[in-house]
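# Fold and geometry: a report
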Amino acid sequence: MKNRIIKKIMRIILLSFVGLAVVGTFYFLWKKSRPVEVVYGIISPETGTVETKTVATGNVEPRYEILIKPQISGIISELMKEAGQYVTGGEIIAKVKVIPEMVQLNSAESRVNLAKINLDQVENTFKRDKQLFSQGIMTAEEFDVSTSNHLKAREELENARNALEIVRDGIARNSSVASTTQIRSTITGMILDVPVKVGNSVIQSNNFNEGTTIASVANMNDMIFKGHVDETEIGRIHEGMPIKLTIGALESRTFDAVLEYVSPKGEEKSGAIQFEIKAAVTIPDSVFIRAGYSANAEIVLKRAEDVMTIPESAVEFSGDTAFVHLLKAEKPKQLFEKHAIRTGLSDGIKIEVAEGLANEDKIRGAALTSE
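Below is a short write-up of the structure.

Analysis parameters
Residues numbered from 1 in each chain as written. Predicted model: local features only at pLDDT ≥ 70, side-chain atom pairs only at ≥ 80, totals over all residues. Heavy atoms only, no water. Core = buried A, V, L, I, M, F, W, Y, C linked by side-chain atoms within 4.5 Å. Buried < 20%, exposed > 50% of the residue type's maximum accessible area, 1.4 Å probe, protein only. Helix = DSSP H or I, 4+ residues; strand = E, 2+ residues; numbered from the N terminus. Contact = heavy atoms within 4.5 Å. Pairing = 2+ DSSP bridges. Salt bridge = Lys/Arg side-chain N within 4 Å of Asp/Glu carboxyl O. Phe/Tyr/Trp six-rings, centres within 6.5 Å; stacked < 30°, edge-to-face > 60°. Lys NZ or Arg CZ within 6 Å of the ring centre and 35° of its normal.

Right, let's talk about the nonpolar core for a bit. Counting 30 residues, the largest nonpolar core has Phe 225, Ile 237, Leu 245, Ile 277 and Ile 289 as its most contacted members. For this core, the elements supplying multiple residues, two or more each, are strand S2 (46–62), strand S11 (223–230), strand S12 (242–247), strand S13 (253–262), strand S15 (272–281) and strand S16 (293–311). Sequence-distant contacts of Ile 277, defined by excluding residues within four places in its chain, comprise Ala 56, Phe 225, Lys 226, Gly 227, His 228, Val 229, Ile 234, Ile 237, Leu 259, Tyr 261, Val 262 and Ile 299. Counting residues in hydrophobic clusters, the runner-up holds 16 residues, among them Ile 68, Ile 76, Ala 94 and Val 96.

Let's shift gears to the sheet that holds strand S5 (residues 86–87). In spatial order, the strands read S3-S10-S8-S5; together these 4 strands make up an open sheet with antiparallel pairing. Of all strands in the sheet, those with a lone pairing partner are strand S3 (65–68) and S5, marking the two edges. Strand direction decides the pairing type here: S5 and strand S8 (residues 189–193), joined by 2 bridges, are antiparallel. Pairing of Val 87 across the sheet is with Gly 189, part of S8.

As judged from the 2 bridges shared by strand S4 (residues 74–79) and strand S9 (residues 201–202), these two strands associate in the antiparallel manner. Within S9, the residue paired with Gly 74 across the bridge is Val 202. As paired elements, S4 and strand S6 (residues 92–97) share 4 bridges and run antiparallel to each other. Within the sheet, the bridge partner assigned to Ile 75 lies in S6 and is Lys 97.

On to the pattern of salt bridges, then. Applying the stated rule across the entire model yields 15 salt bridges. Linking Lys 226 and Glu 61 is a salt bridge whose minimum nitrogen-to-oxygen distance equals 3.2 Å. In this pair, Lys 226 sits in strand S11 while Glu 61 sits in strand S2, placing the two residues 165 residues apart along the sequence. Residue classification places Glu 61 among the partly exposed residues on the basis of a relative accessible area of 25%. Ionic pairing is found between Lys 269 and Glu 267, a salt bridge with its closest N-O pair at 3.6 Å. A cluster of three or more residues bridged by salt bridges with shared partners is formed by Glu 51, Lys 53, Glu 298, Arg 303 and Glu 305.

In this structure the tally under the stated criterion is 1 aromatic pair. The interplanar angle of 90 degrees and the centroid separation of 5.8 Å between the aromatic rings of Tyr 40 and Phe 336 together place this pair among those described as edge-to-face. Taken together, the residues span a long stretch of sequence, with Tyr 40 in strand S1 (residues 38–43) and Phe 336 in strand S19 (residues 335–346) at a distance of 296 residues. In this arrangement the basic side chain of Arg 364 is found over the ring face of Tyr 40, its NZ or CZ atom lying 4.5 Å from the centre. In this arrangement the basic side chain of Arg 364 is found over the ring face of Phe 336, its NZ or CZ atom lying 5.9 Å from the centre.

Quick look at the sheet that holds S6 now. The strand order S7-S6-S4-S9 describes an open sheet built from 4 strands, whose pairing is antiparallel. Looking at which strands have only one partner, the edges of the open sheet turn out to be strand S7 (182–184) and S9.

Although it is not a glycine, Glu 251 adopts a positive phi angle of roughly 55 degrees. In this structure, Glu 251 sits in the loop between S12 and S13. Of the residues examined, Glu 251 reaches a relative accessible area of 77% and is grouped as exposed. Located in the positive-phi region is Asp 306, a residue other than glycine, with phi close to 55 degrees. For Asp 306, the position within the fold is in strand S16. Accessibility expressed as a relative area gives 65% for Asp 306, which makes it exposed.

Written out as structure tokens, the structure reads:
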């Protein structure tokens, strides 16, 4: 009897669990089948500025970087300046010790010896002619010729000695020209690089050889931005456009610049055709920009000021038509109406509304919660 009661109780409990499971399942399915009501954020139009921009990447560098090269071949004997120092035009940067070429040296020495022999011979003749002229045996015309030959022989010896000094030392002692062994800066500016060291051989610059660069000097107060713009946007930019230049090395500080050059010819870079641009940078006196800083140039292509704007995410597009959802009722539940508008400029985040909305209108934004 007792066992029957226990079995009956267990059966009732089991049936109760099954019943609860069935009821729960039906409730879950019923709840899931109910339509989901989404609650949206409400947006009001605002007045603001919309800009379309393009960004060019590049570097900031001096407008002119001058390479200082020697006018004579030799070996660097002394460096007077180093990179980072300022120099004025004509200031000595380095000194070169001339290592004469043996063929030229022998030729110059031979010329001096021949000039001495010729001068000795002419001087002996001149002394005799002078004595004959004083005795009245030689005419004045003949003595003038002898005097002229004597002066020419002396001048030839002087020229030969100067030529020897230039070959051997790099400059003649009686020359008023600055020594070519002293390498001087041709402009006033900062030394960016000194690629040679004491003891290095250098080659003179001439029509057949570029010569060895002793130093590069630039005016750091005249800087430009050099970058590249993709061919899809090059048609919308032109000289004279304002640019905002951002230099990451200076904690992303921005500088004003003006576009002054757009290349007429594109070049392939990373599989795309790009065009070089240059812009003059305005740098405050309190800021020092090093040559080669990487920078981004932000170019404003179009601007619409004091216009009605809404988030572009709130706009739906169907073909050439743009729509928003106007709020018609907020309680007991939100009610919206699809409404066509005419859009204008867009920056990818907000878009200009040219027609179709009033300042007091409210439109549907992003979904916030669902019930």
